[in-house]
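Summary of structural features
Each chain, letter by letter, is given below.
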Amino acid sequence: MTKNLTALTMPKFGLAMTEGKLASWTLSPGDAVREGDEVADIETSKITSGYESPASGILRKQVAQAGETLPVGALLGVVADAEASDEEIDAFIASFTADTAEEGGGEAEAANADPRVITVGEHSLNVRDVGRGAGAPVLLIHGFGGDLSNWMLNQDVLARHQRVIAFDLPGHGASSKDVGDGSVTVLAEAAYELLKALDIPKAHILGHSLGGAIALALLRDYPDAVLTLTLVAPAGLEREVNAESLREMVEADRTRDMQKALQALVHDKSLVGRRMADNVLRVRRLDGAREALRTIEAACFANGQQSIDLRPVLDAARIPVTLFWGEEDEVLPVAGAKNAPDHVVKHLLPQIGHMPQLEKTVEFNRLVEAFLEKAQVTA
Amino acid sequence: MQISRETLLRSYRAMRTIRAFEERLHREFATGEIPGFVHLYCGEEASAVGVCANLTEQDTIASTHRGHGHCIAKGVDVGGMMAEIYGRKTGVCRGKGGSMHIADLSKGMLGANGIVGGGPPLICGAALSHKVLKDNGVAVAFYGDGASNEGTTLESLNLATVWHLPAVFVVEDNGYGEATGASYACAGTQKDRAAGFGMPYMECDGSDFFAVHDAARDAIDHARSGKGPVMLHVHLQRWYGHFEGDAMSYRAPNEVADAKKDHDCLESFRERAGQEKLLDLSALDEIDAAVADEIESAVQAAKQAPWPEEADLMADVYVKI
Amino acid sequence: MSKKSFRQAINEALRQEMRRDPTVVLMGEDVAGGQGGSSGVKDAWGGVLGVTKGLLTEFGESRVLDTPISEASYIGAAAGAAATGLRPVAELMFVDFVGCCLDQIMNQAAKFRYMFGGKARTPLVIRAMYGAGFNAAAQHSQALYPLFTHIPGLKVVVPSSPYEAKGLLIEAIRDDDPVIFLENKVMYDDIEEVPDEAYTIPFGEANLTREGDDVTIVAIGRMVGMANEAADRLAKQGISCTVLDPRTTFPLDEQTILECVEDTGRLVIVDESSPRCNMACDISALVAEQAFGALKAPIRRVVPPHTPVPFSTPLENLYMPNADKIEAAVKAVMMQKTREVA
């Protein structure tokens, strides 16, 4: 086909995504666009995210309308040079539709990418295990009240080079709801048991928020199992925490309340739609889910403060450690990064909230990939 | 079996309380101070009291629109009842039920009922609760000869038998469904109706406390021991109209006067207690005086009690919205 | 998590709540089906549509009670049992049969708490099938949720999918008030992802199944799926719709309805029940009273005609709302001359 015509198609945010809704167009037909510019907002059942143009040129045609829900790969619009004629564009659209109709298939890999529940000691853990490669495996640990879908924009990217495992912590997502005393120690033990069950002696650990504290506890309690640490706005380094926001994350039972609670996690509030809140509520409403979170909350965030201090672990760490923190974090203050020891590679991200992995996906993935690659080479 | 002195005294007091409560309502209603309408139980006291003397607080009863007697016999607070009938906030139902809906579940009183035939299905459910919860309780439906023709009652006789429930169906047969005679409105007999469901049947003279007590004891023992439901047919006479203000033009002129003369359960109780030296009559006189005081204070308290307020209007429609 | 039918979702909700709470009992005509039959198989049927199959075997005859065909007695018994310590789930089979036992629901269960001054709890659930589309004709096809919604003291649930049905039924069983739970008989084989664990969905919280800018479609029960279908077709034509499923007709999530109308300025209500005094009327009144200024066009109702439900297929098709009728109503609303909204 003509090399200056580029199809904008429904992106796939995580392998589980099969369709998405074109929430809105950011640009109008005729607007100039550069590669990497956001052209539209795409909403899935999990999140609303910007869709970046794969090419530079002019947005010549919007094929899909705002509000339409379309399968992954469906044609949304066309970016082309000013020289391309309207006829060429129409022909391109017609041939695109025909091509995709012929293709089909290509989803064989997706089946293996679905999470599955495995028994790990006393827990049933919901685990998504993807990717193969030369590098040592990576374990992703989400934060308080989250689940493995918090890594939906990261896991498959990182899985291009190595095996990457995301799982729902005990008490979270589709995992069993017994969390013992709710301490970081218990949760770190579950993560360690998971690595053993998956036959992984050593892994790179990525932990977000409470998952960051769990990652540090893993290093403290099972030092031989940890190759590197990537800490994303981790708990356990300072006393301060937005306790009210955590409580709302647990207790909100109405969509609008949960939406508000989730908006505290990001700087760009428009990223959190009703459907995302509904999805979190589906998990909250499972029997035992709120009780489990309350137990963890009492153990880790008693009296409106962080009650776990893992600073000594970080200070004493002798493995590569990198740290990401959004400067506009409303849950755990960015001071935690600023006070971190010098051996830690720090990335402070302006205009970003508590979830850099979702809010600054491309940069986050690139920096993590580089960090892991360097660690592999050094090892 | 001999009835204990304590039970006799308690039962006499309950019957006297019902009589005094209803006679007083009859007078007070005429002054126009009592809202709505009331149905009086005078003349039928021995039925409620004779049956309830065999029940414990955890046993359940369901009553009728003529329910004051059943409430008092089951232990509902008299002051609270009076305040309820006056529509006051201090009433047992906080002024939201009135005469026809007095209930106290903590006393096993599942409610008077404004719907004729409303009680028997509910009692099947209460009996099921006793059975499933294995608390050894029984459930008793009081209903009139009028309600005996309701489909709900006949369905309940069937269901209680099919489910083998610890239930007692007490037909309080005072000869009238409102103004229509049972001799006209009830086909066949209550006895044959029980037999039609394979249900044991007992009957007794409702103006004789001792007769009711003994028949009810047998009926309740039968149900409590897991042998299934029973019907107890109590023959009664109503001393007042269907409701207050009913001129009773459908009754023979001497019918009520004769009933009062010949079928007064309180008089017959005193007579037998004296003859058989069961109780000292002076003790009964003391009860009469105490009950008169109790009713007087209940009326005075009710008249002075506060009315419900605007906030009460929306309260208690639901446990939680 | 696995895919489950509407029927399985309800069975699972009942089973999980009966395991959790020994005071939960089931009763109804043929909830087991087989008592007294000549085969000797007591758990033979599980109701006319097999919804309660297997529960007698697990929980026994003291908790799964087949009843005579005697609605007044056993619905009344359910009310009496609820007031005295059990949590009965009574199955009325077809909601049309409420004609035989309305007193027990309307005058007894619904009013205990208020009449008794707040001293009663009646944690009763009455399940029943509703709806046309099955050639079941006039006495087995009605959508009577407005009738129950009219009665203070009752809560009324009309689930729109298997996921919704399980969570709302568990919520209904745990609720301390009498709840009418209506299952559309055409939906029993609908399938979707339903968690294996027990979960609840709160009453009075509407669910938005589609979000759009142009028109709000409020749809109830089975109508939600039709509204979604219409909204997806309309999206391809450049009309974006919000589809709002109230889940419960009482309590009604008035706030979300009003917010959506404020956002879109146009309202179409899809209601399978007879058109006089139905939910479409009720919601129209709500919006007329409280969001009149936001309306850019008159409200449209997609409802059946004021007739009994007919038997014959072509007549029943004419009678029922469907995606085509919804699509046409939305387009008509869009064509209305836009009022100037201050």
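The model shown is predicted, which means the values in this text are computed figures rather than measured ones.

1. Concerning the interface of chain C and chain B
Counting from both sides, the interface comprises 39 residues of chain C and, opposite them, 38 residues of chain B. Sorting the residues of the side of chain C that touches chain B by element identifies α3 (71-83), α4 (102-109) and α5 (112-115) of chain C as the ones contributing at least two each. A total of 10 residues in the side of chain C that touches chain B trace back to one element, the largest contributor, which is α3(C). Counted by class, the side of chain C that touches chain B contains 17 nonpolar, 15 polar and 7 charged residues.

2. Details of the packing of α3(C) against α4(C)
All names here are of chain C. Where α3 meets α4, the closest approach of the two axes is 8 Å, and the angle between their N-to-C directions is 25°. Here α3 is positioned roughly parallel relative to α4, judged by the angle of their axes. Packed against α3, whose contacting residues are A72, I75, G76, A79 and A82, the element α4 presents Q104, I105, Q108 and A109 at the interface. Grouping the constituent residues of the contact of α3 with α4 by class yields 6 nonpolar, 3 polar and no charged.

3. Section: the interface of chain A and chain C
At the junction of the two partners, chain A supplies 13 residues and chain C supplies 19 residues. In terms of residue class, the side of chain A that touches chain C is built from 3 nonpolar, 4 polar and 6 charged.

4. Looking at the nonpolar core
One finds A167(B) and I217(C) to be the most contacted residues of the largest nonpolar core, which totals 201 residues. Split by domain, the residues of this core number at least three in each of domain 1 (2-194) and domain 2 (207-335) of chain C. Residues contacting A167(B), with those up to four places away along its chain left out, are I123(B), C124(B), A127(B), V138(B), A139(B), A141(B), A160(B), A223(B) and P229(B). Counting residues in hydrophobic clusters, the runner-up holds 90 residues, among them I141(A), L153(A), M276(A) and L314(A).

5. A look at the environment of T84(C)
As for its position among the elements, T84(C) is in the loop between α3 and β4 (87-94). The exposure class of T84(C) is buried, given the 27 C-beta atoms found within 10 Å. On a C-alpha basis, the gap between T84(C) and T122(C) in space is 8.2 Å, while along the polypeptide they are 38 residues apart. Each residue touching T84(C), except ones within four places of it in the same chain, is listed here: T60(B), G125(B), A126(B) and S129(B).

6. Examining the UniProt feature "domain: Dehydrogenase E1 component" (unreviewed entry) in chain B
Per the UniProt entry, the sites bearing "domain: Dehydrogenase E1 component" (unreviewed entry) are residues 14-309 of chain B in this numbering. Overall, residues 14-309 of chain B shows 46% helix and 10% strand. The separation of its end C-alpha atoms is 33 Å.

7. Digging into the environment of S156(B)
Note that S156(B) resides in helix α6 (residues 151-162). Dropping the residues within four chain positions of it, S156(B) is found in contact with P120(B), P121(B), C124(B) and S73(C).

8. Structural notes on the sheet that holds strand β14 (residues 226-232) of chain A
Residues and elements named next belong to chain A. The 8 strands are arranged β9-β10-β12-β11-β13-β14-β15-β16 in an open sheet whose pairing can be described as mixed. The sheet is open, and its two borders are formed by β9 (116-120) and β16 (345-349), each paired with just one other strand. Each neighbouring strand pair of the sheet contributes to a mean axis angle of 25°, computed without reference to strand direction. In this structure, strand β13 (residues 203-208) lies alongside β14, joined through 6 bridges in parallel fashion. Across the sheet, A203 pairs through a bridge with V226, a residue of β14.

9. Focus on unusual backbone geometry
In this chain, F250(C) is followed by P251(C) through a cis amide linkage whose omega measures -5°. Mapping P251(C) onto the fold places it in the loop between β12 (248-250) and α9 (254-264). Phi is positive for K277(B), close to 50°, though the residue is something other than glycine. By the secondary structure assignment, K277(B) is in the loop between α11 (265-275) and α12 (281-304).

10. Here's the deal with the pairing of strand β3 (residues 167-173) of chain B
All names here are of chain B. For β3, a buried count of 7 out of 7 residues is recorded, marking the element as mostly surrounded by other parts of the structure. The alternating pattern of β3 places A167, F169, V171 and D173 on one face and V168, V170 and E172 on the opposite face, and all of these are buried. Note: strand β2 (residues 139-144) against β3, 6 bridges, orientation parallel. In the sheet register, A139 faces β3, and the bridge partner there is A167. Once you follow β2 into α6 and on to β3, the crossover reads as right-handed.

11. A word on the confidence of the model for chain A
Summary statistics for chain A give a mean pLDDT of 89 and a share of 93% for residues scoring 70 or more. Contacts for the low-pLDDT stretch residues 101-111 of chain A, under 50 throughout, to residues beyond four places or in other chains number 1 contact.

Conventions used here
Residues numbered from 1 in each chain as written. Chains lettered and ligands numbered in written order. Predicted model: local features only at pLDDT ≥ 70, side-chain atom pairs only at ≥ 80, totals over all residues. Contact = placed C-beta atoms within 7 Å. Helix = DSSP H or I, 4+ residues; strand = E, 2+ residues; numbered from the N terminus. Nonpolar A, V, L, I, M, F, W, Y, C, P; charged D, E, K, R; others polar. Axes fitted to C-alpha atoms, helices over the stretch in contact; angles between N-to-C directions. Parallel < 35°, antiparallel > 145°, perpendicular 65-115°, else oblique. Core = buried A, V, L, I, M, F, W, Y, C linked by C-beta atoms within 7 Å. Buried ≥ 20, exposed ≤ 12 C-beta atoms within 10 Å, placed from the backbone. Domains from an automatic or database assignment. UniProt positions renumbered as here; feature names shortened; annotations may be inferred. Pairing = 2+ DSSP bridges. Right-handed = clockwise from strand over helix to strand, strands pointing away. pLDDT = per-residue confidence, 0-100.

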